[in-house]
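Read off the chains here:
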Amino acid sequence: MTIHFYVRFHTQYGQLLAVTGNIEALGNGDVEKAFTLNHLNSEFWYGSIETDFPESGEIRYNYIFKNEDGFRVLEWGERSLEKAQVAGAARIQLVDTWNHAGEFENVFYTNPFRDVLLSDGDKSRTKQPKKFTHQFRVKAPLLAKNEAVCLLGNTVDTRHWDTQEPILLTKESGWWSVKLSLPREDFPLYYKYGVYNTKEQRFIRFETGDNRVLHGAVQEEAAQPAVTIAHDGFLHLPNDTWKGAGVSVPVFSLRSKNSFGTGEFTDLNLLVDWARKTGLKLIQILPVNDTIATHTWVDTYPYAAISAFALHPLYLNLETVAGKQYADVIKPLKKKQKQLNELSDLDYEAVMKLKLGVIRELYAVQKEQLLKDKDYFLFFEHNKHWLVPYAAFCCLRDRYKTSDFNKWKTHSQYSKEAIDKFVSPRARHYDEVALHYFTQYHLHLQLQEAAEYAHKHGIILKGDIPIGVYRYGCDAWMEPQLYHMELQAGAPPDDFAVRGQNWGFPTYNWDRMAEDGFEWWHRRFVQMGNYFDAFRIDHILGFFRIWSIPIDSVEGIMGHFVQAIPVSLAEFGQRGIWFDHYRYCKPCINDAILWELFGPNNDKFKPFLHGIGDGTYELKPEFATQRQVEQYFAGHESTEDNLRIRQGLYDLISNVILFEEPGSNGQQFHFRFGISSTTSYRHLDLHTQYLLNELYVDYFFRRQDDYWRKEAMKKLPALKRSTNMLICGEDLGLVPGCVPQVMTQLGILSLEIQRMPKEAYQEFFHPAKAPYLSVVTPSTHDMSTIRGWWEEDREKIQRFYNNELQQWGDAPFFCDAWINKAIVLQHLQSPAMWAIFQLQDILGTSDALRRSNPQEERINIPANPQHYWRYRMHLPLEQLIKEKEFNDDLQEQVEKSGRA
């Protein structure tokens, strides 16, 4: 048979289109062998192939855009031509519309909308003829109940625009379609789609825009094809009308009467019940992966998972695991459970000690019946690629009292064959391994049940994917080649962390990950998809470039962006800058600087320095790096004086202007962030300062943008194609101009926060100006709540009160409930698709329900790497569900904003 491809797409000189697919003529899935189309006219690209249907009876294909610089973009989704669809036709004409990933409507075909949030419209089916010449297909995701798509045109066969007798389409596999027999004289055909109410048998409206046009044969010399299939893209209707609201809260922060000193997966059902009462459609949680590295409170940091796949035992409800049969195991703990549950915050170590002990007891009494559980073996088979290494890792971690696998006496380097032997059921320690299979199985069941309960009640779950993996975790142990273990990920300085952030995670080796098509990420998304409908990509900027810090540094200020175009040695000369490697790349330390930084206490730093003449100093070799300084003071008492000296030495080490690119032999350099704040810079002459600053601005804000865009487009499209979850990006911080462009192009929702505007000239961002494909929120877990923020900066709050809330006079010293509510309402009324609020901010709208001290509500302080994540809501969910007046008022506000 002959297939003629016509695709609507406007290109510029040097650009071209191709078709890739699952048959040889289209390259058998290899985009390098894709079939290249020809430019036909200003509207179409065209090509034809001779082929047969594969054994599957289905040809799957996609169009590819190629730029002259080699840059490629696949259109979104996958097209399908089925043998049964064309009734044995020898000639097929496909008239397609390019599906741009950034089209709003594509969002509505992701899992949460397709499976939970949207109506299917009218479900009736119209009779389709067996013989036909044309099939019209169009997508319309936002139809209401009893609404169907109809078609009208300028010919007798398309009802001459008669809205009393439109042609109704049938919905199948996401498309609305109809088959018609149209004579050649009907062409060119002018037509439009419309909306029809099947219950009332009433035409509602036409789609907007010009009439659509279909030619009989776009090439005059081409014979009339036996079957023409017109894929017309989306119905032209308002596509930004759907809006939803949600609540954000860590699972550990939930409180119920039956929880065990921490929130658990089973508590999510109660949260769903409350969300239903208030009109909220989404529940967002922090990462719930296992973080047990030290068996101390340090493990509360949810972004340092020892496995990107395993769930945290903290969230396991013991009573559910025990059931009635083994309830006696739980009964002796009721008193302790009550004590832990009455604490205002999470006591992580006490909770984990009890839970892990009880899990061990439950495994001992249930392990025999587990061997008869078919669902358990099914779970094991589906997950053994990560479950077996994870269980072995946990066993070895506990055996050697450390998760740092480099210090293990055995298995410090992962070997699949050796680990398969280690986990053998014949091994004496097998129960120590299988204990983790048992734990993960029950965690899976409980989170899966919570997700199903949420879906049943029309609510979706949004998870969180950390940007990094723990340096001493199972993922790094198994596949160290996927990471740059010699580097640490972090973030440059900002208002929240003036010396930057060092998260400690190794950075990704993207080139290595690309070799197998980002399979590790694909597996990760598949695992997330078992429980979540949407997810937040933590620090999506890391897919463009990641702030990389050498392993011998402690503070984020010592990093630079990777990938990044460095400054070449020649550029300094071209700009009239005399290059002094020692002056720019080594810490600048002299008597004047020591006095400026430390005043009369500067003598305390002299023992760590040695003089090189003229009142100039170098750090002694044993204190040349921040990590060396850290290790030195780790062996000394943590007095205030010692802490000040340690920090002072850190500051001296970071008092540089440039970092040399490793391996460049002194030819390439990266600027230290914020050079103008360094004493090294301030002690240069004004002319040199000016010239360096010009080059600094070029380095950070001009030369990188297109490079970073290309880096992101190597990764994000492939990652997005590997899942059908709704993707939201956390695009905060120092945001390059290419980031919103790429996110818009790929249909990834942005994050908009009122107190963190993305435009440098703005002090605040107004939710009314949010783009549709975005999430608006007044605060996140990394910030103070609305009420906490109100008490931080009196002058800024005064400007916010007068300018953003449009209120006269002095701002109240405390954030009264009406102010908190006004801010929430601003976000509810935003045009953004989602308005999501921390639970604390919702409760803050009520004088009766808010916590008395807002400082106790903060979840994380990013500037403190040793923060204890322990916040818990102060009232149980059972009580919140019964607060009828509060819940009714919230539901009313959600409905008024069009988000119910």
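What counts and how
- Residues numbered from 1 in each chain as written.
- Predicted model: local features only at pLDDT ≥ 70, side-chain atom pairs only at ≥ 80, totals over all residues.
- Heavy atoms only, no water.
- Helix = DSSP H or I, 4+ residues; strand = E, 2+ residues; numbered from the N terminus.
- Rg over C-alpha atoms; globule rule 2.2 N^0.38 Å.
- Buried < 20%, exposed > 50% of the residue type's maximum accessible area, 1.4 Å probe, protein only.
- Contact = heavy atoms within 4.5 Å.
- Areas by Shrake-Rupley, 256 points an atom, 1.4 Å probe, with all protein chains shown as cover.
- Lys, Arg positive; Asp, Glu negative; His and termini not counted.
- Charge placed at Lys NZ, Arg CZ, Asp CG, Glu CD.
- Pairing = 2+ DSSP bridges.
- Axes fitted to C-alpha atoms, helices over the stretch in contact; angles between N-to-C directions.
- Parallel < 35°, antiparallel > 145°, perpendicular 65-115°, else oblique.
- Left-handed = near helix turned anticlockwise from the far one by under 90°.
- Nonpolar A, V, L, I, M, F, W, Y, C, P; charged D, E, K, R; others polar.

Describe the overall build of the protein, and please don't skip the residues or the numbers.
Of regular secondary structure, the protein possesses 28 helices and 37 strands. The C-alpha radius of gyration of the protein comes to 31 Å, within 12% of the 29 Å expected for a compact globule of 900 residues. Burial statistics for the protein: of 900 residues in total, 57% are counted as buried. The long-range share in the protein, meaning contacts at least 24 apart out of those at least 6 apart in sequence, stands at 73%. As displayed, the protein has an accessible area near 39400 Å², and 49% of this comes from carbon and sulfur atoms. In the protein, 99 positive and 116 negative side-chain charges are present, and the distance between their average locations comes to 5 Å.

Mind laying out the sheet that holds strand 13 (residues 170-172), listing which residues take part and the relevant values?
Spatially, 8 strands are ordered 4-5-1-9-18-10-14-13 in an open sheet, and the strand pairing comes out mixed. In the strand order of this sheet, the two ends are held by strand 4 (38-39) and strand 13, each with one partner. Sheet analysis places strand 1 (residues 2-8) next to strand 9 (residues 91-97), joined by 7 bridges and oriented parallel. Opposite Arg-8, over in strand 9, you have Thr-97 as the bridge partner.

Give me the pairing of strand 27 (residues 546-550): which residues, what numbers.
Extensive coverage of strand 27 is indicated by the burial of 4 of its 5 residues. Where strand 23 (residues 487-491) and strand 27 come together, 4 bridges link them in antiparallel fashion. Note that in strand 27 the partner of Ala-489 across the bridge is Ser-548. Examined bridge by bridge, strand 27 and strand 28 (residues 560-562) share 3 bridges and lie antiparallel to one another. Each residue of the ladder has a partner; that of Trp-547, found in strand 28, is Phe-561.

Which residues make up the packing of helix 3 (residues 268-278) against helix 10 (residues 430-456), and what values go with them?
Taken N-terminus to C-terminus, the directions of helix 3 and helix 10 make an angle of 15°; their axes are 9 Å apart at the nearest point. In terms of their interaxial angle, helix 3 and helix 10 are classed as roughly parallel. In the crossing of helix 3 with helix 10, the sense of the turn from one axis to the other is right-handed. Listed contacts from helix 10 to Leu-268, Asn-269, Val-272 and Asp-273 of helix 3 are Leu-447, Glu-449, Ala-450, Tyr-453 and Ala-454. Residues that form the contact of helix 3 with helix 10 fall into these classes: 6 nonpolar, 1 polar and 2 charged.

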